[in-house]
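# Chain and residue survey
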Amino acid sequence: MKKAKHFFDKNTIMRFPERLRESIGDISVREFAQKCGHSESGLRKYLSGTTYPSLDKLIIIAEAANVSFEWLCTGYIEDNDNLDNTNFLNDFALIPGYNVQVSAGNGVINEDNITPTRYLAFRRKWLKYRGFKDSDLTVVWVKGDSMEPTIHNNDTIVVNMNKNTLKDGHLYIFRHGDEVFVKRYQSMPSAWRLISDNQLYSVIDITKEEQNQFEVIGQVVHISKDV
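What counts, and where the lines are drawn
- Each chain carries its own residue numbering, running from 1 in the direction its sequence is written.
- Restriction of local features to residues with pLDDT of at least 70 applies here, the model being predicted, together with a cutoff of 80 or more for giving and counting side-chain atom pairs; totals for whole chains, interfaces and linings are based on all residues.
- Excluded from the side-chain calculation are hydrogens and water; included are all heavy atoms of the structure.
- Scored between 0 and 100, pLDDT is the confidence that the predictor attaches to each residue.
- Numbering of helices and strands runs from the N terminus; a helix is a DSSP stretch of H or I covering at least four residues, while a strand is a stretch of E covering at least two.
- It only takes one pair of heavy atoms within 4.5 Å for two residues to be counted as in contact.
- With a 1.4 Å probe rolled over the protein chains alone, any residue whose accessible area is under 20% of its type maximum counts as buried; one over 50% counts as exposed, and the rest are partly exposed.
- The directions from the helix axis to the C-beta atoms form the arc being described.
- The patches described consist of residues with a relative accessible area above 30% and no salt bridge, like charges being joined within 9 Å and nonpolar side chains (Val, Leu, Ile, Met, Phe, Trp, Tyr) within 5 Å.
- To be clear on the numbers: accessible area is Shrake-Rupley with a 1.4 Å probe, and residue cover counts the displayed protein chains and nothing else.
- Each reported salt bridge corresponds to a side-chain nitrogen of Lys or Arg within 4 Å of a carboxyl oxygen of Asp or Glu.

### Looking at the confidence of the model for the protein
Here the protein shows a mean pLDDT of 81. Residues at 70 or above account for 80%. Element-level mean pLDDT values for the protein span from 50 in helix H1 (residues 10-13) up to 96 in strand E7 (residues 191-195). Taken as a whole, residues 1-10 scores under 50 in pLDDT and shows 12 contacts with residues more than four places along the chain or in a different chain. The model gives residues 80-84 a pLDDT under 50, and that stretch makes six contacts with residues more than four places away or in other chains.

Here it is in structure tokens:
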């Protein structure tokens, strides 16, 4: 028997209601409650985050939704090679998460990380609706407060690395040397203006002569917040 090698983030586990809503899909809460032999009122409490199901009820809900118990419980699937739930993979894409902290402050130095440390599951219907390819997406974590209230310290963000053409008002991940950071972009006549949503931070203007020193990694397309 293989030993589990997981590290589960409490904040991610607390987002169980979001994953339950995704698992229910397009059917009504009442219909899903009947499918898994659960009371509708109890299921609605789980969806609101008022209460959380016991282990035995989690197993029944996961089986009724035909999703991975591990994903439903924690949001993570770390061993992509050992997944045997074909229906789950048909419905959900596993977006790789890397042990990289993107700065939303004064700067975070990152080493190159080429191996995912975990995977986050996103419904393929949502990806199609947004026009995303799962192969273009990656998940990283944010450190710092310069993008508050839009992005908070330790928020999870999804980056579309195929969207690196700068457009006004959007959030992008930039690399300057070993520093990787997130800022809002504004076009200026002779410069890139990088804006922190937190007004305590000054804007940064990157002149045309300096722009070749910066790499646009991709656009932030999704933010997962803790409450």
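Let us keep going from here.
### Topic: helix H4 (residues 40-48)
Buried residues of H4: Gly-42, Leu-43, Tyr-46 and Leu-47, and no others. All buried residues of H4 project into a common sector of 145° when viewed along the axis, lining one side. At the C-terminal side of H4, Gly-49 shows a positive phi close to 80°.

### Section: a nonpolar patch on the surface
On the surface, Leu-55, Ile-59 and Phe-69 cluster together into a nonpolar patch covering about 260 Å² of accessible area. Within the secondary structure, Leu-55 sits in helix H5 (residues 55-65).

### Topic: helix H2 (residues 16-24)
Along H2, the positions that sit buried rather than exposed are Phe-16, Pro-17, Arg-19, Leu-20, Ser-23 and Ile-24. Projected down its long axis, H2 carries its buried residues within an arc of 160°, all on one side. One or two residues past the end of H2 sits Gly-25, with phi positive at roughly 70°.

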